[in-house]
Amino acid sequence: MSFDPKSHLADLLRTALASVAPGQQIADIVIERPRDPSHGDFASNLAMQLARELKANPRQIAERLVHELPVSGWVDKAEVAGAGFINFRLAAAAKTQVVKEVLVRGPDYGKRLAASPADKRPKMQVEFVSANPTGPMHVGHGRGAAFGASLACLLTYAGNDVCREYYVNDAGRQMDILAVSTWLRYLDLHGEKVPFPPNCYQGDYVKDMAEQIRGAHGERYVHPAAAVLACVPPLNGDDGDADAHLDGLIAAAKDLLGEEWHYIHQHALSEQLADGREDLEEYGVHFDCWFSERSLFDTGMVDKAVAELEKRGHIYVQNGAKWFRSTDFGDEKDRVVQRDNGLYTYFASDIAYHANKFERGFEKVIDVWGADHHGYIARVKGALKALGHDPDRLVVVLVQFVSLFRNGAKASMSTRSGEYVTLRELRDEVGNDACRFFYLLRKQDQSLDFDLDLAKSQSNDNPVYYVQYAHARVCSVLQQWDGEVKSLVDTNLAPLASERELALCARLREFPDMIEAAARDYAPHSLAFYLRDLAADFHAWYNAERVLVDDAAVKNARLALAVAVRRVIANGLHILGVTAPEHM
RNA sequence: GCCCUCGUAGCUCAGUGGAUAGAGCUCUCCCCUCCUAAGGGAGAGGUCACAGGUUCGAUUCCUGUCGAGGGCGCCA
């Protein structure tokens, strides 16, 4: 029962081509939807594509193709127009048929159908958010989360087997800084006054963790302030000293606490990780896998990756450090993988991590990174190539920054100081739905100005409500109709004949193509814009024509169309992680 | 300096190797005795930054210029 106008028209043209120019090869017959409705429902530029090879006027080729076109019940008319376009007008039944298809497939409408049972779904991975577990998620993570979650869902609809992964940076210096920050706050609670360095984590959540530890373990981890500061370089003005001071504090903490350091470290880690995870869950963002950076070290994968690079001759030693010759792979300078003190850099574990992703059998790996990481793409891809992997199987998508605007003014944010708006605060203020939708109202590679006042407003200016309202309106009509929705599948759709009704059908027909294109381009924002357009078509129709009319045939056909619109809006909002309310 | 992204209506932004480049906001006018007016209709608003090139055809692809923003650690 499924009817795909594009492939049908392409088949007709292919047959015609075989008569007009026997043996002529054409890679792909393009059928597109013209912008201008007066150009028909679908159009092909086939004649123009062939003009050069056939050495003929495109219009003449088009005339011959139209002449040889097989008769089809779905097509009312095919005509030559413009520079050589072939414009097709479909029979009304071909246009309205989509309503039935939507009703039959329901939640699966828009999902790619497997061409055959053997058609296998490519395994893909989308890694996103991956925020350091050193404090609450902020609004930047919120954008990455909204983007990544919707992208993963889109890719699933487009027929891929998608794994959502969060890379937990639980091994680096930042975690040590968080642990020592917590410990210093804890000491403070016990009257041991060690000045709290400016490059430690300032947020109140650190004090909260210190309180928890005191509550659970009393004075167990207390050491005198004098002992802590004994071997620590003093803190002066400039940055070099500040880092040395902090490193000294971390060393002192590890030394004084011994094995107990791991307790503080682990406590801070699991608290922040759990907090972030809960935040994301509430936000409707779920992960299939939480991958620990530390596990790469514990299982020897980092050693192995570096040894493999060494074996392949891509490592050299300089000033006591091991360098990866990434300039051989297009990077602008070589990069250190192991410092002279024997510690691996973040880059080293990243190499191991990405090698591991490919070893897990993903055909395509998508990394969603903050735009400030763009300098890392060349070196990571370079390392993959050096290890014998195909770097094109890694796709890095950069997500730009977010600025919050309130009353027309930019809300200031600075990271380390703890003066930033958290994702949780944003969600509390504007709600999850507006959050998710607003983040996707802009292409991901553009910086985003998030208008808090607009996101909060319950007015027709707010695009979230505009789309959700279309869904709620259909629900409201159905409630008043009080019939059996399932029965509408077999409705005769012939009464759907007005311009607005046919335009709405055409919009519903677009949905699967739009999903496919959005998945291909990693562009979930296209879906947000599509839904706005669909809602606009629906509202225009709804305003112009009543659904619940006396004529039963007309009423049922319109109900079927309304239900199909509701279905597509629901499917689309689902992919965006936005609810589809029945009442507003 | 090098690299990335961007330049489209007054504002915020979509879009495409194709025909007369779109939406929202703003402004003007209009539409509920009627399924939620959280809606709809009409109008106004453009040298797609500029210059070359590729092409049957460029706002779209390539190069350059100008302008805006961001990134460039043995940090993570």
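In the block above lies the structure referred to throughout.
Note that the structure is a prediction, hence the values are computed from the model and not measured.

**Things to note about the sheet that holds strand β2 (residues 42–44)**
Next, step 1: The four strands lie next to each other as β1-β2-β4-β3, forming an open sheet whose pairing is antiparallel. Each edge of the open sheet carries a strand with a single partner, namely β1 (31–32) and β3 (75–81).
Next, step 2: Pairing of β2 with strand β4 (residues 85–90), which is carried by three bridges, proceeds in the antiparallel orientation. The residue of β4 that forms the bridge with Phe42 is Phe88.
Next, step 3: Sheet strands touched by helix α1 (residues 5–20): β1, β2 and β4. Its angle to β2, the strand with the most contacts, is close to 40 degrees.
Next, step 4: Strands β3 and β4 of the sheet are contacted by helix α3 (residues 58–68), whose axis makes an angle of about 160 degrees with β3.

**Things to note about unusual backbone geometry**
Next, step 1: Phi at Asp482 is positive, roughly 60 degrees, even though this residue is not glycine.
Next, step 2: Its place among the elements puts Asp482 in the loop between α18 (463–481) and α19 (499–520).
Next, step 3: For Asp482, a count of 6 C-beta atoms within 10 Å corresponds to the exposed category.
Next, step 4: If you check the backbone angles, Tyr522 has positive phi at about 50 degrees while not being a glycine.
Next, step 5: Mapped onto the secondary structure, Tyr522 falls in the loop between α19 and α20 (525–544).

**Let's talk about the nonpolar core**
Next, step 1: Val99, Leu154, Leu508, Ala560, Ala564, Val565 and Ile569 are the most contacted members of the largest nonpolar core, which has 111 residues in total.
Next, step 2: Here this core gets 13 residues from one element, more than from any other, and that element is helix α21 (residues 552–576).
Next, step 3: Both of domain 2 (97–115 + 460–576) and domain 4 (299–393) provide at least three residues apiece to this core.
Next, step 4: Among all residues touching Leu508, those that are not within four sequence positions of it are Val98, Val99, Val102, Ala564, Val565 and Val568.
Next, step 5: With 26 residues, the next largest nonpolar core counts Val206, Ala210, Ala252 and Ala268 among its residues.

**A look at the sheet that holds strand β10 (residues 335–338)**
Next, step 1: In space, the three strands of this open sheet follow the order β8-β9-β10, with antiparallel pairing throughout. In the strand order of this sheet, the two ends are held by β8 (315–318) and β10, each with one partner. Within the sheet, the average angular offset between the axes of one strand and its neighbour, ignoring direction, is 45 degrees.
Next, step 2: Note that strand β9 (residues 321–324) and β10 share three bridges and pair antiparallel.

**Thoughts on the environment of Glu63**
Next, step 1: Position of Glu63 among the secondary structure elements: in helix α3.
Next, step 2: Placed 16 residues apart in sequence, Glu63 and Ala47 show a C-alpha to C-alpha distance of 8.9 Å.

Rules behind the numbers
- Throughout, residues of each chain are indexed from 1 in the direction in which the sequence is written.
- Here chains are named by letter from A upward and ligands by number from 1 upward, in the order in which they appear as written.
- Local features are withheld for residues below a pLDDT of 70 in this predicted model, meaning they are given only at 70 or higher, and side-chain atom pairs are given and counted only at 80 or more; totals for whole chains, interfaces and linings count all residues.
- A pair of strands is considered paired only if DSSP assigns at least 2 bridges between the two.
- Note on conventions: DSSP H or I runs of at least 4 residues are helices, E runs of at least 2 residues are strands, and numbering of each starts at the N terminus.
- It is the C-beta atoms, placed from the backbone, that decide contacts: two residues are in contact if theirs lie within 7 Å.
- Every angle, taken between N-to-C directions, lies between 0 and 180 degrees, and every axis is a line fitted to C-alpha atoms, over only the stretch in contact when it is a helix.
- Partly exposed residues are those whose C-beta has more than 12 but fewer than 20 other C-beta atoms within 10 Å; 20 or more makes a residue buried and 12 or fewer makes it exposed, with C-beta atoms placed from the backbone.
- By definition, a nonpolar core groups buried Ala, Val, Leu, Ile, Met, Phe, Trp, Tyr and Cys residues that connect through C-beta atoms lying within 7 Å of each other.
- Here the bounds of each domain stem from an automatic or database domain assignment.

None of this, on its own, says anything about what the molecule does.
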